[in-house]
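# Per-entry structural report
As a plain string of letters, each chain reads:
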Amino acid sequence: MSFMFNAADEPEEKREFDTPPEGEYEVIITEIELKDTKKGNGKGIPLTLTIVGDSPYANRKFWEYWLYEHPSETAQNIGRQMLKRVCLAVGKPEIENLEELCYLPFKVYLKVKKEEWDGEMREKNFISYVVDTNNPPPQPVQRVIPKGDLEPDVPQDDDLPF
């Protein structure tokens, strides 16, 4: 049986990926490590994350970089807070190895920013915050005022035209 394939006969694949829009997504960490920063004055955590679950953007990857040790206390605190939130979200408040966080689903709120890359402006996702499913944010409370307790010039519900 012979086999013949000519790549030139195949149409060019157009690979364009829309950046997932701002919103809440379930993700997993697929790669994570602790590395020296480029300047050598600290340590950072590069991560590869993948969107999972029932999303049209499932299997889409995005990347983050969190500072773990840095001369700037503010930068270091931001990175450590993100790590803390992920650890709590996946139910691992104590870890001995960053890889313990891999392949455990958690929810994040992604935002979109524009960055220059290879001379072009491109959209990029970044984690705005980790969604704390154990302690969801409080829901807005609808004020309830019993009838008759309102000022006379404020219309009662029965007086509204809709």
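This report concerns the structure included in the present document. (Residues numbered from 1 in each chain as written. Predicted model: local features only at pLDDT ≥ 70, side-chain atom pairs only at ≥ 80, totals over all residues. Heavy atoms only, no water.)

### Remarks on the nonpolar core
Formed by 25 residues in total, the largest nonpolar core has its most connected members in Val27, Ile29, Ile32, Leu49, Leu101, Phe106 and Ile127. Of all elements in the fold, only strand S1 (23-32), strand S3 (43-52), strand S4 (61-69), helix H1 (73-89), strand S5 (106-117) and strand S6 (120-130) reach the threshold of two or more residues within this core. It is H1 that provides the largest number of residues to this core, a total of five residues. The residues contacting Phe106, other than those within four sequence positions of it, are Tyr25, Glu26, Val27, Ile29, Leu49, Val86, Ala89, Val90 and Val130. (Core = buried A, V, L, I, M, F, W, Y, C linked by side-chain atoms within 4.5 Å. Buried < 20%, exposed > 50% of the residue type's maximum accessible area, 1.4 Å probe, protein only. Helix = DSSP H or I, 4+ residues; strand = E, 2+ residues; numbered from the N terminus. Contact = heavy atoms within 4.5 Å.)

### Details of the side chain of Gln76
When you line up the elements, Gln76 lands in helix H1. At a separation of 3.0 Å, a polar atom in the side chain of Gln76 contacts the main-chain amide nitrogen of His70. Among residues more than four places away in sequence, those in contact with Gln76 are Leu67, Tyr68, Glu69 and His70. (Polar contact = N/O pair within 3.5 Å; in protein donor to acceptor, adjacent residues only side chain to side chain.)

### Structural notes on the pairing of S3
In terms of burial, S3 is a largely internal element, seven of the 10 residues being buried. Both strand S2 (residues 35-36) and S3 contribute to a ladder of two bridges, which runs antiparallel. Directly across from Asp36, in S3, lies its bridge partner Lys43. Linking S2 back to S3 in an antiparallel pair, the connection comprises six residues, with Gly40 at a positive phi of about 75°. Here eight bridges tie S3 to S4, and the two strands are oriented antiparallel to one another. Bridge pairing links Leu47 to Glu64 in S4. (Pairing = 2+ DSSP bridges.)

### A few points about unusual backbone geometry
Even without being glycine, Asn59 reaches a positive phi, approximately 75°. As for its placement among the helices and strands, Asn59 is situated in the loop between S3 and S4. Given the relative accessible area of 63%, Asn59 is considered exposed. Here the phi dihedral of Tyr103 falls at roughly 65°; this positive angle occurs in a residue that is not glycine.

### Some details on the environment of Glu99
Looking at where Glu99 falls in the secondary structure, it is placed in the loop between H1 and S5. Judged by relative accessible area, Glu99 falls into the exposed class, the value being 53%. Sequence spacing of Glu99 and Glu31 is 68 residues, and the spatial spacing of their C-alpha atoms is 7.6 Å.

### Here we look at the side chain of Glu64
In this structure, Glu64 sits in strand S4. No salt bridge is formed by the buried Glu64; its nearest oppositely charged neighbour, Lys124, is found at 6.6 Å. Within the structure, Glu64 has its side chain in polar contact with the side chain of Trp66 (distance 3.0 Å). For Glu64, the residues in contact, after removing those within four places along its chain, are Ile45, Pro46, Leu47, Leu49, Phe126 and Ile127. (Lys, Arg positive; Asp, Glu negative; His and termini not counted. Salt bridge = Lys/Arg side-chain N within 4 Å of Asp/Glu carboxyl O.)

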